[in-house]
Structure formats: C-alpha cells, structure tokens
Amino acid sequence: MTDGLITMKNVSVTYPGGNVALQDVNLTLHKGTICGLVGINGAGKSTLFKAILGFETPSNGEIRIAGNTVKKALKRNIVAYVPQTEDIDWDFPILVEDVVMTGRYGHMGVLRLAKTKDKMAVNEALERVDMLSYRKRQIGELSGGQKKRVFVARALAQSAQIMLLDEPFTGIDIKTEESLITLFRDLSANGTLVFVSTHNLGSVPRFCDEVALLNRTILAHGPVETTYSQNNLIKTFGGKLRHHQLFGHVLHDDADTRGVTVLTDCERPLVLYGEQGGQKIVRMPEQDTSHESESPPTPQEDKEEKPTEGGF
Amino acid sequence: MIESLLEPFTYNYMTNAILVSALVGGTCAFLSSYLILKGWALMGDALAHSIVPGVALAYILGLPYVIGAFFAGALAASSIMFVKKITRLKEDTILGLVFTTFFAFGLLLVSIKPTAIDLQAIILGNILAVSDSDIVQLVFICTTCLILLILKWRDFMAIFFDENHARTIALPVGRLKILFFALLSAATVSALQTVGACLVIAMVITPGATAYLLTERFHKMIILSVFIGTTTSALGAYLSYFLNTNPGGLIVTLQTFIFIVIFFLAPKHGVFAQRRIMRKQSNNSALPYGDNITSLPVDNQSIFSTNTGEQK
C-alpha cells in the first residue's frame, strides 16, 4: 500500500488545563481525494487542523505529511491553509494581489522579491477563483464570498499538495460555493488532497469523495456513499442535530414503508431516503433551483413546514 | 537672509543633531507602520518608560546606556508576558502596571544619585546635548534597525497581517516577533535621547497613523511614514535653534500638525473626502458607497442569492 499523504497515528492533543481536544486519532488521507471533516462545534475539527499545521503539538502519537514531519512539510510548502476569515483585519492596508503574493513567500529567497514565475502564479491563482479584475482592491472592499476567494487564491499560489480549508462555506454566496466546489474537483483531479472541515451536513455529499466523522476521535472514515450513514451521523452528533423523519404511512396510503430522514443543524440539511428512515443519500441541487423559482422560502416558513422536531 | 537660515549648520552640534534626529525619526516611523496596525501602539510607550531605570543604572555604573536599556526592556517585556500567562488580567492593565513600576524605580534611582544623571535628559530628551560617543551609538543602532527592517519588512507584514498563515509557509514567526520587539526597544532607546521618555510614543505612532490615512498599500504606507518621520524630526531640530525650544516638543508638535492637516484633507479617508462621499451617496441613494461602487463589477446575483441559497 502506498503511504497516505497525511498519516495520523494515535494522535492526542491535550490543552493546558487537561482539556483533551483529540484522543487517539488515526487517519490516513491519500492524494487526489476530497475529504470532508464533519463534527459538531467543539468536536476538535480546528484542533485537528492545527495539529496538521503544527500550531498544536500532539501530546501523543505521530503525524507524517508526505513522509515528513510537520515542520519539514511546512518548510517544503506541502500544506496550504485557508483560514476562517473572521479573524482577519480587513482594514489592513494591503491589496488583493499582495495577499495572494504572501502565499508565494515560501518559494522565494530571503528578501521575498517576486520573480516572474511568482507573479505568474499569483495571476493564475486569481484567475482560477475569478478575482483577477479585483487585484488592485484593498481587501476590505470585497464581499464575503470574494474575500474567501482571495484566501483560496493565496493557498493556490502556494502550489501545495495538500489544501486544508476551515469551514469554507460559512458566510459566502451560492455562486462562490459552486465555484469553490468546481475548483476542489479540478484540484483533486490533479492529485491534490483537499481536506475541508464543515458542520454543514447537506453540502458534504455534493462535493466530497470521502468523509471523516469526528468527535474527539475519528468515529468513521471512508467513502461518502457508505460512511455518511444515519447511524454514523447519530454517533457523531448525538442529540445535537435537528432530526425530522417522514415515513410512508404519513406520505401515502400504500404498503411502501420507506421513509425520508432530514438531518440539519439549521444549514443545508442532509436528506436520506429508504427503509428504516433511509440508507440512500438524496442529492438535492436540482431540487433546490426548481423550488427556488416557485417561491423562495423565508427561514421562518421553512421551519414551520417541518412536522416533527427534536433531538435523537 | 539665506546666511541666517544656514546659520545652524555652521555649528557642528546642530548639524549632528539634525542628522541624528532625522535618522531616529525615520527608524521610529518605520516601526510605527506596524505598531498601529496591531493595536500595539501603547507598547512603545510602555517600553520607553520601562527602560528608564536601565539607562539610569547604566549611567551610575558608567556602562554604555544601550546595555542598561536593553536589559531593562527585556526584563519589562518578559514580566509583561509572565504576568499575562499567570493571571487573567487584561493586557492594558498589565502594561500599565509594569511600565509605571519600572518608571518609578528609574525615578528613584535618579533621585538617589542625582549628580550622575541628568533627569531632564531622560524624561524630556535633548538631542542638542548628546555627547559624541552617544551619537555614534545612536547612528549604529538606527542604521542596524533600518537595514534589518528593509531586509525583513515583507516577512513582518505577513506576520502582522495573518500570523497563522505566516506559520504555514514556515516563516520563523517566534524568532521574527522577538526580532521586532528587539528593534522596537532599540528604536525606543534612541528616541529617548531625542524626544525623551514621555514623547517616544508619539514618534512610534503619529507618522504611521498619518500615512495610514493616505494609502491602501503597505509599502507606500512605510515610505510615507518614514518620510514624515524623517522630515519632521530634522525640521524640529533645525527650528529649535531659532525658536530656542526643546527639540523633542517641537518634533512631536510638527508631526501632530501634519496629522491634523492629513486628517482633514486625505483623498479618501479624510474628513472632507468622507463628507463628499456622503453627499454623493445622498444624491444617488441607489449606490451604497458613492462613486466608489460604480467602478466595481458587483455580482448582484450573488448578493441577491446569499440568503435563499444558505437556508437550503
């Protein structure tokens, strides 16, 4: 077997004060895949990323990235990171192209003087996220989705083998979401490992090949089709989700016992369909648009329509 | 007329004072571009007050004052970090606590051995009375600072803008931060000589704050800030000859004067410019940011679809 691009063996992270954020995490991720990291807030998604990025040193276990230690992997520009954009100072006097250029610093000499190839990489990265025409803008002048795209471009400019994205779909418009998903597919087709943390359940089947379910430790990891099941999600989220089930006897008067299950934490829901409340993931993008054209629902209406609400 | 204008330059001490002030002003201004962006403005003040006992002690023991200043600064910085780690006190409280303690100790030292040190020289500074050996020290400190800043300004920018990203591209964040504080302490020590402990803060804030109003690119901000710092310092020292005033007070007054002018007249962030934008906005209420937005290819669709898209 070829070694994974990221291999975590029995990794534990304990914060000062004895708070165990991760315990015995075993995870192997390969190149050319898009893997979703799913878990509730506080499950340790950010800590897992921080461990891979070397911000947190595991109290136990070992992380190897393309056969290197974390430190070496960062030195070699193997890992690119797209942060949540909340903690950025948007008033910082810096233009879009300057931000993307910082992604090239690891490839430059000590003086960080941009060569032609760096400038080309910046242009190409901006082009790929459709932000080239905004290159001379101060970053605070952009919309939420545009800001996110700039940071994705910065990671692209780094031309890394691994791209980590922390909740990339929060606070962005649907157009950006679609273009990011297309971009992830392109990247993985070219051998990049795309590792995305999200608590947005419904979007996972839309763009992930694999999913890793996390609650302090990896509860399940594998292809979306088999691993992203109701049972695994219940294990992961236990009681923290809104959970709606509709069975055949409510929907129609025949012997069909199949049911619909809707799992949501108030974002795009996960819909499962079949016996015992569903084994099959319902993919919804087309449904979305047809529904939207008829009557765009307001959030309130949406919730009232749901027949039952409650935890597991 | 011209003869009397050139008169200060016929005195060796005046020429020295003007040149050294310019050098110190430029160095402090370079650092100010960083300080004001991080909310660390008061750090300069804290350092300036904290090094007073070190300087006093060095004078008493007959050592170069730089050594005393350096140790006092390092001690102050580490006590700030230590107290912060142990207690839950807020940063400004700790800063206030530590630097007043150090300053008080410094005053105590000075009053114990009044003949050895000119108290006024430390508190108010007087570049006109600086000895030749001190001038050599000042020139050495400032040129070293400036060279290091010019070599590393991009790295510092990357860290100040997004520290986590700087780590993922394997910049030695910890070491660079220590270097930055070392440079700041060194610049503070030299500013102590020119404007005194009480006014150092102005030297490491005002030029950067003024430049910030004028530009949206970091390297331009540095250039403008250094220009303002250098010219006001040189001019302050020069004018003090005619006005027979304390040069420190004059330098800071000049810097403040420029800030006020820019505050009103800055092309985009000035008071008048903001008014103009507001007026335009009320004339043309369809465009939320006045003429700013007309050149902006806003993706209306994405703004429109943000809400409807997210709830699915």
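Residues numbered from 1 in each chain as written. Chains lettered and ligands numbered in written order. Predicted model: local features only at pLDDT ≥ 70, side-chain atom pairs only at ≥ 80, totals over all residues. Heavy atoms only, no water.

**Some words on the overall build of chain B**
What counts here: Runs of E in the DSSP output that reach at least two residues are strands. Runs of H or I that reach at least four are helices, and both are numbered from the N terminus. Whether a residue is buried, partly exposed or exposed follows from its accessible area with a 1.4 Å probe, protein chains only, as a fraction of its type maximum: under 20%, in between, or over 50%, in that order. Any two residues whose heavy atoms approach within 4.5 Å at even a single point are treated as in contact. What sets the accessible areas is the Shrake-Rupley method with a 1.4 Å probe; for residues, cover comes only from the shown protein chains.
Of regular secondary structure, chain B possesses 16 helices and 0 strands. For chain B, the proportion of its 312 residues judged to be buried stands at 48%. Counted over contacts in chain B with a minimum sequence separation of 6, partners at least 24 positions apart contribute 71%. For chain B, the accessible surface area stands at approximately 15200 Å², while carbon and sulfur atoms represent 69% of it.

**Overview of the overall build of chain A**
A tally of helices and strands in chain A yields 12 helices and 13 strands. Scored against the burial criterion, the 312 residues of chain A give a buried share of 53%. As displayed, chain A has an accessible area near 13900 Å², and 49% of this comes from carbon and sulfur atoms.

**Considering the pattern of salt bridges**
For the record, the criterion: Salt bridge, as used here: a side-chain nitrogen of Lys or Arg that lies within 4 Å of a carboxyl oxygen of Asp or Glu.
For the structure shown, the criterion picks out 17 salt bridges over all chains. Between A:R206 and A:E177 there is a salt bridge, with the nearest N and O atoms lying 3.1 Å from each other. Linking A:R206 in helix α7 (residues 204–207) with A:E177 in helix α6 (residues 174–189), this pair joins segments that are 29 residues apart in sequence. Comparing A:R206 with A:E177 shows no difference in burial state: the two are buried. Put simply, B:E216 and B:K268 hold a salt bridge, and the shortest N to O gap is 3.4 Å. Taken together, the positions of B:E216 in the loop between α12 (206–212) and α13 (218–243) and B:K268 in the loop between α14 (247–265) and α15 (271–283) put the pair 52 residues apart, joining distant regions of the chain. Among the charged side chains, a salt-bridge network with shared partners connects A:E97, A:D98, A:R135, A:K136 and B:R217.

**Examining the confidence of the model for chain B**
All names here are of chain B. Under the convention used in this document: Values of pLDDT, which run from 0 to 100, indicate the predictor's confidence residue by residue.
Averaged over every residue, the pLDDT of chain B is 84; residues scoring 70 or more account for 89%. Looking at the elements of chain B, mean pLDDT is at its lowest for helix α16 (residues 300–310), recorded as 39, and at its highest for α12, recorded as 96. Low confidence marks residues 286–312, where pLDDT is under 50. Its contacts with residues over four positions away, or in another chain, come to 45 contacts.

**Some details on a nonpolar patch on the surface**
All names here are of chain B. We count it as follows: To count toward a patch, a residue needs a relative accessible area over 30% and no salt bridge; like charges are then connected within 9 Å, while nonpolar side chains (Val, Leu, Ile, Met, Phe, Trp, Tyr) are connected within 5 Å.
A surface patch of nonpolar side chains, about 750 Å² in accessible area, is lined by M1, I2, L5, L6, F9, F242 and L243. When contributions to the nonpolar patch are tallied by element, the ones reaching two or more residues are α1 (2–10) and α13. The dominant element in the nonpolar patch, judged by the number of residues it contributes, is α1, at 4 residues. Assignment of secondary structure puts M1 in the segment before α1.

**Brief notes about helix α5 (residues 144–157) of chain A**
All names here are of chain A. Formally: By this rule, a helix spans an expected 1.5 Å times one less than how many residues it contains.
Helix length check: α5 (14 residues) gives 20 Å between terminal C-alpha atoms against 20 Å at 1.5 Å per residue, within 8%. Among the 14 residues in α5, 13 count as buried, and that is most of the element. Where α5 terminates, the next one or two residues include S159, which has phi positive at roughly 40°.

**Focus on the packing of helix α3 (residues 41–50) of chain B against helix α6 (residues 91–112) of chain B**
Helix-helix packing is described using two parameters, namely the angle between the two axes and the distance between the axes. All names here are of chain B. Heads up, the condition is: Axis lines are fitted through C-alpha atoms, for helices just across the contact stretch, and the angle between N-to-C directions can take any value from 0 to 180 degrees. By definition in this entry, angles of less than 35 degrees are roughly parallel, angles greater than 145 are roughly antiparallel, angles of 65 to 115 are roughly perpendicular, and the rest are oblique. Each crossing is labelled by how the near helix is turned from the far one, with a counterclockwise turn of less than a right angle marking it left-handed and a clockwise turn marking it right-handed. When residue character is reported, Ala, Val, Leu, Ile, Met, Phe, Trp, Tyr, Cys and Pro are called nonpolar, Asp, Glu, Lys and Arg charged, and the others, Gly included, polar.
Between α3 and α6, whose axes approach to 7 Å, the crossing angle comes to 25°. Taken together, the axes of α3 and α6 lie roughly parallel to each other. Between α3 and α6 lies a crossing of left-handed hand. Along its contact with α3, which presents L42, M43, D45, A46, H49 and S50, the element α6 presents L95, F99, F102 and F103. Looking at the contact of α3 with α6, its residues break down into 7 nonpolar, 2 polar and 1 charged.

**Here we look at α14(B)**
Residues and elements named next belong to chain B. To keep it simple, the criterion reads: N or O atoms closer than or at 3.5 Å make up a polar contact, with two conditions inside protein: a donor-capable atom paired with an acceptor-capable one, and, for residues adjacent in sequence, both atoms drawn from side chains.
Taking 1.5 Å of rise per residue, 19 residues should cover 27 Å, and α14 covers 27 Å from first to last C-alpha, within 8% of that figure. When α14 is considered as a whole, its buried residues turn out to be P247, G248, L250, I251, V252, L254, Q255 and I262. Considering only its buried residues, α14 is in contact with α2 (12–35), α10 (173–195), α11 (200–203), α12 and α13. Between a side-chain oxygen at the N-terminus of α14 and the backbone nitrogen of G248 the separation is 2.7 Å; the capping residue is N246.

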